[in-house]
Amino acid sequence: MSGVKKPVERRLRGEAVPALDVARIRADFPILDQQVYGKPLVYLDNAATTQKPRAVIDAVTRYYEHDNSNVHRGVHALSQRATEEYEGVREKVRAFLNARSVRELVFVRGATEAINLVAATFGRMRVREGGEILLTEMEHHSNIVPWQLLAEQTGAVLKVVPITDSGELVMEEFERLLGPRTRLVAVAHLSNALGTINPVRRIIGLAHAQGVPVLLDGAQAAPHIRVDVQDLDCDFYAFSGHKLYGPTGIGVLYGKEKWLEDMPPYQGGGEMIRQVSFKRSTYSDIPAKFEAGTPNIAGAIGLGAAIDYVQAIGLDAIAAHEHSVLEYALAAAEEVPGMRVVGCARAKASILSFVLERIHPHDIGTILDRQGLAVRVGHHCAMPVMEHYCLPATARASFAVYNTREEVDVLMAGIRKVREVFGQ
Amino acid sequence: MNDLRDLYQEVIFDHNRNPRNCYCMKGANRTAEGFNPLCGDRLTLYLKVEDGKIAEASFQGSGCAISTASASLMTEALKGKSLEEAERLFQAFHGRITRDTGGAAPVDLGKLEVLSGVSEFPTRVKCATLAWHTLNAALEDKGEPVTSE
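What counts, and at which threshold
Residues numbered from 1 in each chain as written. Chains lettered and ligands numbered in written order. Predicted model: local features only at pLDDT ≥ 70, side-chain atom pairs only at ≥ 80, totals over all residues. Heavy atoms only, no water. Pairing = 2+ DSSP bridges. Helix = DSSP H or I, 4+ residues; strand = E, 2+ residues; numbered from the N terminus. Axes fitted to C-alpha atoms, helices over the stretch in contact; angles between N-to-C directions. Contact = heavy atoms within 4.5 Å. Buried < 20%, exposed > 50% of the residue type's maximum accessible area, 1.4 Å probe, protein only. pLDDT = per-residue confidence, 0-100. Phe/Tyr/Trp six-rings, centres within 6.5 Å; stacked < 30°, edge-to-face > 60°. Buried area = accessible area lost by both parts, 1.4 Å probe. Salt bridge = Lys/Arg side-chain N within 4 Å of Asp/Glu carboxyl O. Polar contact = N/O pair within 3.5 Å; in protein donor to acceptor, adjacent residues only side chain to side chain. Nonpolar A, V, L, I, M, F, W, Y, C, P; charged D, E, K, R; others polar.

So what about the sheet that holds strand β17 (residues 394-398) of chain A? Which residues, and what values?
Residues and elements named next belong to chain A. Spatial ordering of the open sheet is given by β13-β14-β17-β16, a layout of 4 strands whose pairing is antiparallel. The sheet is open, and its two borders are formed by β13 (339-342) and β16 (376-378), each paired with just one other strand. When the angles between neighbouring strand axes are averaged without regard to direction, this sheet yields 30 degrees. Pairing of β13 with strand β14 (residues 351-356) involves 4 bridges; the strand directions are antiparallel. Note on β14: the bridge partner recorded for Met339 is Leu356. Lying over the sheet, helix α12 (residues 315-334) contacts β13 and β14, oriented at roughly 15 degrees with respect to β14.

The following block contains the structure:
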């Protein structure tokens, strides 16, 4: 056990990240203070969605109680306030991702819509019959299906980089598959099913050397890893607010200005136009060009509060804390008979996917649920990953800033209970 | 934990560990596929129907304890039943598990009663009913895989 913990301690010392006051953080999340089936709630389904701190809930409420109005189109005070708040969040997102300009940030429903937007606009502009889109075996369905739809429409071909049994990309295969026909690389920054942190810097370097743009699916990474889009030099970055302690229904697409300028609009409607006549319409400048219709204003404001919350703690401190919880869980898992962790990449964050010998994940999920433990069971919208491991499903505990080692102890006791119920 | 025992009764563990009639049947004249993609539960049901009666029933597949035990118990219950009786059993079982009997008085399900605890676990109803929806598809001779999700 100590052998597993040491690197974390070294890392903590090396980066001088202050320890988090987790008890205080937990007090910021009203939902955590409850019992489920008479047991204290242990919420370990953060990769599906995170809980919301009071600051986010209050920001949304305050907006509806004081400032609710449509944005960008009113001369009255409320509209002006709503517009300022909404556009203010764009600046917060810019700082969060270190984008060059707010023009590079499009508000969308979530990472899924962000990827669909790129597939429908950039994809159709750039991908022709015989062109290739390079994905990986560990992608979430939302970074597979939009490209499949594009391939069906254009005659393009999907190429898939395989993974090793430890859950890492086979980089030799990536290099081999990256070729003159490759039009786009689309890769998860952090795998939702395995927790693998992909070597995105290297991927981007290799792709750019051949003039191929790269989209990163940051849905899982944004809450756990500090992202600097200029430093990474990715062409697109997609993330969802609700996995970052923000509301559902709001997310962000970052795109390099040169691409966004060239791309055709995604949806047509209000907000995205400059002038409309029945002969021809002209479109707004970026990013408004991609934001047809009244946006999710309250969601954006909630996202702004979530980013403030995360920034106040600091992503490095959050990552270090979560890493120590994950390392503790990985070590504890080794002590549970019949428990096998799926996904043992060297670079890994926040996700503990596992199976138990002769016990189906759904049975695990139900028995843990009755002990107040919320975990996810199933294929995690990554069926190709399940296929790789010849598993129908896994159970997955995923950690966030408010989780503790004590909760890992409750999880492991819960898993032992599952085995006991099954007479093992 | 007591309600967990209502779900996971000993008979269910027994059928999960040692499923009955779990084999690929040669000479089956009705087969159907069941698949719940969200859970990953999957099974193939084989029936040998002779003179309007189910002479033999078997299944193969993989799934949770509830779906495996349900398939195992179902194949046991089906043997010797006429197609009409099998259809009625499907209706009765489905009604009991989903608590929707359409006003009809509950039928005694015999050995299948051990699965009635599933009705207390709404997220697991689809596990218990997968084999039964597959049966329904086999009786109706549907060519496509069915799901209970």
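I'd like to hear about the pairing of strand β9 (residues 236-240) of chain A, residue by residue, with values.
All names here are of chain A. By the criterion of burial, β9 is predominantly enclosed, with 5 of the 5 residues buried. Of the two faces of β9, the one holding Phe236, Ala238 and Ser240 and the one holding Tyr237 and Phe239 are both buried throughout. Pairing between strand β8 (residues 214-217) and β9: 3 bridges, direction parallel. By the bridge assignment for β9, Asp217 is matched with Ala238.

So what's going on with the environment of Ala69 of chain B? Residues and values would help.
Among the structural elements, Ala69 of chain B can be located in helix α3 (residues 65-78). In this structure, the C-alpha to C-alpha distance between Ala69 of chain B and Ser116 of chain B, residues 47 residues apart in sequence, is 12 Å.

Mind laying out the confidence of the model for chain A, listing which residues take part and the relevant values?
Per-residue pLDDT for chain A has a mean of 94; in total, 96% of the residues score no lower than 70. In the model, residues 1-14 of chain A has pLDDT below 50 throughout and makes 14 contacts with residues more than four positions away in sequence or in other chains.

Provide a residue-level description of the packing of aromatic side chains, including the pertinent values.
One pass over the full model with this rule turns up 13 aromatic pairs over all chains. Summarising the aromatic geometry, the rings of Phe422 of chain A and Phe13 of chain B are spaced 4.7 Å apart at their centres and angled 70 degrees between planes, so their arrangement reads as edge-to-face. One end of the pair, Phe422 of chain A, is in the segment after α15 (405-421); the other, Phe13 of chain B, is in helix α2 (residues 10-17), on a second chain. Chaining the aromatic ring pairs together yields one cluster made of Phe29, Tyr245, Tyr309 and Tyr402 of chain A.

How would you explain the interface of chain B and chain A if you had to name every residue and give the values?
When the parts of a complex come together, some accessible area is lost, and that lost area is often used as the size of the interface. Listed by partner, the interface residues are 24 residues for chain B and 17 residues for chain A. Summed over both sides, the interface between chain B and chain A buries roughly 1,500 Å², with carbon and sulfur atoms accounting for 60% of that surface. For the pair chain B and chain A, the interface holds 2 salt bridges. Arg370 of chain A serves as the salt-bridge partner of Asp3 of chain B, at 2.5 Å between the closest nitrogen and oxygen. Inspection of the chain B/chain A interface yields 8 residue pairs in polar contact (both at pLDDT 80 or more). Contributions of two or more residues to the side of chain B that touches chain A are made by α1 (2-7), α2, α3 and α5 (125-140) of chain B. Residues that form the side of chain B that touches chain A fall into these classes: 14 nonpolar, 3 polar and 7 charged.

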